[in-house]
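The chain contents come next:
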Amino acid sequence: MEKQKESWKSKLENFWYYHKGTCLVALFVIIILSFIATNYTSRLDTDINISLVSENILSEATINFNTIFADKIEDANGDGEPLITISRLFIGRGNEDNQDELNLLEKQLANKGATLFIVDALNYERLIKKDAFCPLDEFFSVEDYGDRVCYRGDVPIAFHLGGSKVLAEMEFVTDDLYALLLFRREGEENDPAENAEYRNAVTILDALMVQE
């Protein structure tokens, strides 16, 4: 039995010695393909992403975007079912206590694509510093919204959602909220599904700007 164990160990060591490079390359390829497949699947499963970022925990009613908007958005991915995917991140002032949430936020920003961010004042100040969001005058006549338009330099980058009728109905605990729309993915400007997702974002944001 001892000789058999030694034999197996010797075979494994010999295999690793001669095929280590091939194994490492294969492992790397598997990881990359898994990441691509996961990212692709997550994109296909939704017609628009909404990311809620706030310091305070929100009520369950704040995720009811599908109840309100499902019949108003396009079926961007063509699966026959309009769907809004909601993510909620609770990020306060102390980075140490929020590192996991901050990492998720940075991942969302890096992925780009049609994600509508609805954030509180604290996280607006964090996000406005990042070159990650579309100029809103690509989609809106911003002059119609007066002082509810927020600028990064001279670029209209966010809307203040104060007094939003829809958000009040969804039991948001504060109306000091801001909306930002993530940059497009490079090279996908003419992608039909991507453009439909952005139209969905505009539809939702336009409704959120209606005041009580």
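**Observations concerning the packing of aromatic side chains**
(1) Moving on: A complete count under the given rule lists seven aromatic pairs for this structure.
(2) Moving on: Judged by centre distance (4.1 Å) and plane angle (15°), the rings of Tyr-124 and Tyr-178 are stacked. Of this pair, Tyr-124 sits in helix α4 (residues 121-127) while Tyr-178 sits in strand β6 (residues 177-181), placing them 54 residues apart in sequence. Note on accessibility: Tyr-124 and Tyr-178 belong to one class, buried.
(3) Moving on: Note that Arg-184 overlies the ring of Tyr-198, its terminal NZ or CZ placed 4.4 Å from the centroid.

**Observations regarding the nonpolar core**
(1) Moving on: If you look at the biggest cluster of nonpolar residues, it comprises 33 residues, and the most contacted ones within it are Phe-65, Phe-159, Leu-161, Ile-204, Leu-205 and Leu-208.
(2) Moving on: Of all the secondary structure elements, the ones that give two or more residues to this core are β1 (48-54), α2 (65-69), β3 (115-120), α5 (165-169), β6 and α6 (192-208).
(3) Moving on: Top contributing element to this core by residue count: α6, with six residues.
(4) Moving on: With sequence-adjacent residues up to four places away left out, Leu-208 is seen in contact with Phe-65, Phe-69, Leu-116, Ile-118, Leu-161, Ser-164, Val-166 and Leu-167.
(5) Moving on: Formed by 19 residues, the second largest nonpolar core is a distinct cluster that contains Tyr-124, Ile-128, Ala-132 and Leu-182.

**What to know about the pairing of strand β5 (residues 155-160)**
(1) Moving on: Pairing analysis gives four bridges linking strand β4 (residues 149-152) to β5, with the strands arranged antiparallel. When the bridges of β5 are listed, Cys-150 appears paired with Ala-158.
(2) Moving on: Between β4 and β5, which pair antiparallel in sequence order, lie two residues; one of them, Gly-153, sits at a positive phi of approximately 70°.
(3) Moving on: Pairing between β5 and β6: two bridges, direction antiparallel. Residue pairing across strands places Phe-159 opposite Ala-179, the latter belonging to β6.

**Here we look at a negative patch on the surface**
(1) Moving on: There is a patch of like negative charges on the surface, built from Asp-137, Glu-138, Glu-143 and Asp-144.
(2) Moving on: Relative to the helices and strands, Asp-137 resides in the loop between α4 and β4.
(3) Moving on: Owing to a relative accessible area of 44%, Asp-137 belongs among the partly exposed residues under this scheme.

**Description of the sheet that holds strand β2 (residues 84-90)**
Two pairing modes exist for strands in a sheet, parallel and antiparallel, and in both the strands are linked by backbone hydrogen bonds.
(1) Moving on: With mixed pairing, the six strands of this open sheet are ordered in space as β2-β1-β3-β6-β5-β4. For this open sheet the edge positions go to β2 and β4, each flanked by a neighbour on one side alone. The mean angle between the axes of side-by-side strands here comes to 25°, regardless of whether they run parallel or antiparallel.
(2) Moving on: Those strands touched by helix α3 (residues 99-111) are β1, β2 and β3, and its axis lies near 140° from that of β2.

Parameters at a glance
- Residues numbered from 1 in each chain as written.
- Predicted model: local features only at pLDDT ≥ 70, side-chain atom pairs only at ≥ 80, totals over all residues.
- Heavy atoms only, no water.
- Phe/Tyr/Trp six-rings, centres within 6.5 Å; stacked < 30°, edge-to-face > 60°.
- Helix = DSSP H or I, 4+ residues; strand = E, 2+ residues; numbered from the N terminus.
- Buried < 20%, exposed > 50% of the residue type's maximum accessible area, 1.4 Å probe, protein only.
- Lys NZ or Arg CZ within 6 Å of the ring centre and 35° of its normal.
- Core = buried A, V, L, I, M, F, W, Y, C linked by side-chain atoms within 4.5 Å.
- Contact = heavy atoms within 4.5 Å.
- Pairing = 2+ DSSP bridges.
- Patch = residues over 30% accessible without salt bridge, like charges linked within 9 Å, V, L, I, M, F, W, Y side chains within 5 Å.
- Areas by Shrake-Rupley, 256 points an atom, 1.4 Å probe, with all protein chains shown as cover.
- Salt bridge = Lys/Arg side-chain N within 4 Å of Asp/Glu carboxyl O.
- Lys, Arg positive; Asp, Glu negative; His and termini not counted.
- Charge placed at Lys NZ, Arg CZ, Asp CG, Glu CD.
- Axes fitted to C-alpha atoms, helices over the stretch in contact; angles between N-to-C directions.

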